[in-house]
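The primary structure of each chain is shown beneath.
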Amino acid sequence: MTTETSLQEEVVDLIPALRNFARRFVFSEADVDDLTQETLEKVLAHLDSFVPGTRLKSWAFTIMRNSYLTEYKRRKRVQIRSHDDRLFDIPVSSVQPLSLYTTEVSKALVHLPAYQKEALLLIVEGVSYEDAAQHCGCEVGTIKSRVSRARTSLARILGETTMRAAASIQ
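Bear in mind that the values here come from a model prediction, so they are computed numbers and not experimental data.

Asker: Describe the packing of aromatic side chains, listing the residues and the values that go with them.
Answerer: Across all of its chains, the model carries four aromatic pairs by this definition. Members of the aromatic cluster, each reached through a chain of ring pairs, are Phe 21, Phe 25, Phe 61 and Tyr 68. Against the face of Tyr 129 rests Lys 144, its NZ or CZ located 5.5 Å from the ring centre.

Structure (structure tokens):
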């Protein structure tokens, strides 16, 4: 097995973490899929640029962040001109509700027990359940239980009626 083949397998193992990380930037599942796919294409196309001995996950996350920022900046520059050369602005949705909701979530996290908060934040950051369990010194099932209870508590604290509603806030 070549080094490139083993790196490709490691990239495949990173897909769940990349999807979780993508949710920090975009909110619809379609956009999460698109950003993850774009990142995977770039990672696989530039595996020869990866420096052995460094963390592949960090490198892939950096590629994703940079891809998102590049697209974000490009969209901000897009302007539409009519046939008579008049400039039209493209309406942009406000990020204020999302910012306020993020603040509410941060305040709600304070009310969680430390062990639930730690488990939830590890998983949200893209750490695997196995690695989170090892970090916390417990079984994988315990981590899954802590994360589930933390999510349920956050939804209750935030007044969300369902987990789907809590996850789809935009």
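Asker: Lay out the environment of Val 140 with the relevant residues and their values.
Answerer: Structurally, Val 140 can be placed in helix α8 (residues 140–157). Along the primary structure Val 140 and Tyr 129 are separated by eleven residues, whereas in three dimensions their C-alpha atoms are 6.0 Å apart. With sequence-adjacent residues up to four places away left out, Val 140 is seen in contact with Tyr 129, Glu 130 and Ala 133.

Asker: Just give me the short version of the environment of Ala 119, but keep the residues and values in it.
Answerer: Tracing the backbone through its elements, the reader meets Ala 119 in helix α6 (residues 114–124). Residues Ala 119 and Val 147, spaced 28 residues apart in sequence, show a C-alpha to C-alpha distance of 5.8 Å.

Asker: Quick rundown of the packing of helix α2 (residues 15–22) against helix α3 (residues 29–45)? Include the residues and the values.
Answerer: Where α2 meets α3, the closest approach of the two axes is 9 Å, and the angle between their N-to-C directions is 125°. Relative to α3, α2 is oriented oblique. Crossing of α2 over α3 shows right-handed handedness. On the side of α2, the interface is formed by Ile 15, Leu 18, Arg 19 and Ala 22, while α3 contributes Glu 29, Val 32, Asp 33, Leu 35, Thr 36, Thr 39 and Leu 40. When the residues that make up the contact of α2 with α3 are grouped by side-chain class, the tally is six nonpolar, two polar and three charged.

Asker: Break down α6 for me, citing the residues and quoting the values.
Answerer: Every buried residue of α6 is accounted for by Gln 116, Ala 119, Leu 120, Leu 122 and Ile 123. The arc that holds every buried residue of α6, seen down its axis, measures 160°, which confines them to one face.

Asker: Requested: an account of the confidence of the model for the protein, with residues and values cited.
Answerer: Summing up the model confidence of the protein, the mean pLDDT is 80 and the portion of residues at 70 or higher is 76%. In the predicted structure, residues 88–92 sits below a pLDDT of 50 and forms five contacts with residues beyond four places in sequence or in another chain.

Asker: Please set out the packing of helix α7 (residues 129–136) against α8 residue by residue, giving values where relevant.
Answerer: At their nearest, the axes of α7 and α8 sit 8 Å apart, and the two run at 100° to each other. Relative to α8, the element α7 is oriented roughly perpendicular. Note on element contacts: α8 touches α7 through Val 140, Ile 143, Lys 144, Arg 146, Val 147 and Arg 151, opposite Tyr 129, Glu 130, Ala 132, Ala 133 and Cys 136. Its residues assigned to classes, the contact of α7 with α8 shows seven nonpolar, no polar and four charged.

Asker: Tell me about the nonpolar core, and name the residues and values.
Answerer: General note: in soluble globular proteins, nonpolar side chains tend to be found buried as a group. Within the largest apolar cluster, 21 residues are counted, with the highest numbers of intra-cluster contacts made by Leu 18, Phe 25, Leu 35 and Met 64. Among the secondary structure elements, those contributing two or more residues to this core are α1 (3–13), α2, α3 and α4 (56–77). It is α4 that provides the largest number of residues to this core, a total of six residues. Setting aside residues no more than four positions away along its own chain, Leu 18 makes contact with Thr 36, Thr 39, Leu 40, Ala 60, Phe 61 and Met 64. Formed by 15 residues, the second largest nonpolar core is a distinct cluster that contains Ala 108, Ala 119, Val 147 and Leu 158.

Scoring rules and cut-offs
Residues numbered from 1 in each chain as written. Predicted model: local features only at pLDDT ≥ 70, side-chain atom pairs only at ≥ 80, totals over all residues. Heavy atoms only, no water. Phe/Tyr/Trp six-rings, centres within 6.5 Å; stacked < 30°, edge-to-face > 60°. Lys NZ or Arg CZ within 6 Å of the ring centre and 35° of its normal. Helix = DSSP H or I, 4+ residues; strand = E, 2+ residues; numbered from the N terminus. Contact = heavy atoms within 4.5 Å. Axes fitted to C-alpha atoms, helices over the stretch in contact; angles between N-to-C directions. Parallel < 35°, antiparallel > 145°, perpendicular 65-115°, else oblique. Left-handed = near helix turned anticlockwise from the far one by under 90°. Nonpolar A, V, L, I, M, F, W, Y, C, P; charged D, E, K, R; others polar. Buried < 20%, exposed > 50% of the residue type's maximum accessible area, 1.4 Å probe, protein only. Arc of directions from axis to C-beta. pLDDT = per-residue confidence, 0-100. Core = buried A, V, L, I, M, F, W, Y, C linked by side-chain atoms within 4.5 Å.

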